[in-house]
Amino acid sequence: RNCLWLLFTDPAWRKVIVDWDDATMRMTANLRVLMAEHVSEPSWAAVVARLRAASPEFAELWARHAVQGIENKSKRFKNPLVGLLRLDVTNSWLAPRPGTRMLVYTPADSETERKLDRLLELIDAEG
């Protein structure tokens, strides 16, 4: 699934993303930068059109014309089972920029590492 689509249209994501306002602004600005390489591709225009129709918040942010390059960052998520998780996100480019990339999430602190271990235990217990 497209994370940008989920961010703007899935109510569960709104509950999980701690810094939702920052995430929506940053990801919309990232999309605008990436869009420059795909301006003539109908599939990219379709994604933007669908997002604008589905989310007034996206439409408002898109209309601002903000641009921001993709960068490594820290993210915070609120997991219903273990609480706040702090993760560092590293972008690993698998092709020349702005090509395919892989995101690597690592615990930002020992508390998050313990919570992720606990979450794995809970998932394994459910079998």
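Everything below is about the structure shown above.
In this text, all values refer to a predicted model and were calculated from it rather than measured experimentally. Throughout this description, residue numbers start from 1 for each chain and increase along the sequence as written. With pLDDT at 70 or above as the cut-off, local features in this predicted model cover only qualifying residues; side-chain atom pairs require 80 or more to be listed or tallied, and sums for whole chains, interfaces and linings still use all residues. By convention in this description, side-chain values take in all heavy atoms of the structure and omit both hydrogens and water.

### Here we look at the overall build of the chain
- Strands are runs of DSSP state E lasting at least 2 residues, helices are runs of H or I lasting at least 4, and numbering of each runs from the N terminus. Within the chain, the regular secondary structure consists of 6 helices and 3 strands.
- Along the chain, helices (α) and strands (β) appear in the sequence α-α-α-α-α-β-β-β-α when read from the amino end.
- When the backbone C-alpha atoms are referred to their principal axes, the chain occupies close to 50 × 35 × 25 Å.
- Buried means the residue's accessible area, taken with a 1.4 Å probe over protein chains only, is under 20% of the maximum for its type, while exposed means over 50%, and partly exposed covers the values in between. Across the 127 residues of the chain, 30% fall into the buried class.

### Things to note about the nonpolar core
- Grouped together as the largest cluster of nonpolar side chains are 17 residues, with contacts concentrated most on Leu4, Leu7, Phe8 and Phe58.
- Secondary structure elements with two or more residues in this core: helix 1 (3-9), helix 3 (20-35), helix 4 (42-54) and helix 5 (56-63).
- Here the element with the most residues in this core is helix 3; it accounts for 5 residues.
- Residues within four places of phenylalanine 8 in sequence aside, it is in contact with Trp20, Thr24, Thr28, Leu51, Ser55, Glu57, Phe58 and Leu61. Only buried residues count toward a nonpolar core, which is a set of Ala, Val, Leu, Ile, Met, Phe, Trp, Tyr and Cys residues joined through side-chain atoms within 4.5 Å. What makes two residues a contact is simply this: any of their non-hydrogen atoms within 4.5 Å.

### Considerations on the pattern of salt bridges
- In the sections that follow, a salt bridge refers to a side-chain nitrogen of Lys or Arg positioned within 4 Å of a carboxyl oxygen of Asp or Glu. This model, assessed by the stated rule, comprises 6 salt bridges.
- In this structure, glutamate 57 engages arginine 14 in a salt bridge whose closest nitrogen and oxygen atoms are separated by 2.7 Å. Of this pair, glutamate 57 sits in helix 5 while arginine 14 sits in helix 2 (residues 11-16), and the two are 43 residues apart along the sequence.
- For glutamate 57, a relative accessible area of 32% puts it in the partly exposed group.
- Owing to a relative accessible area of 39%, arginine 14 belongs among the partly exposed residues under this scheme.
- Here aspartate 19 makes a salt bridge to arginine 76, at a shortest N to O gap of 2.7 Å. One end of the pair, aspartate 19, is in the loop between helix 2 and helix 3; the other, arginine 76, is in strand 1 (residues 73-79), with 57 residues separating them in the sequence.

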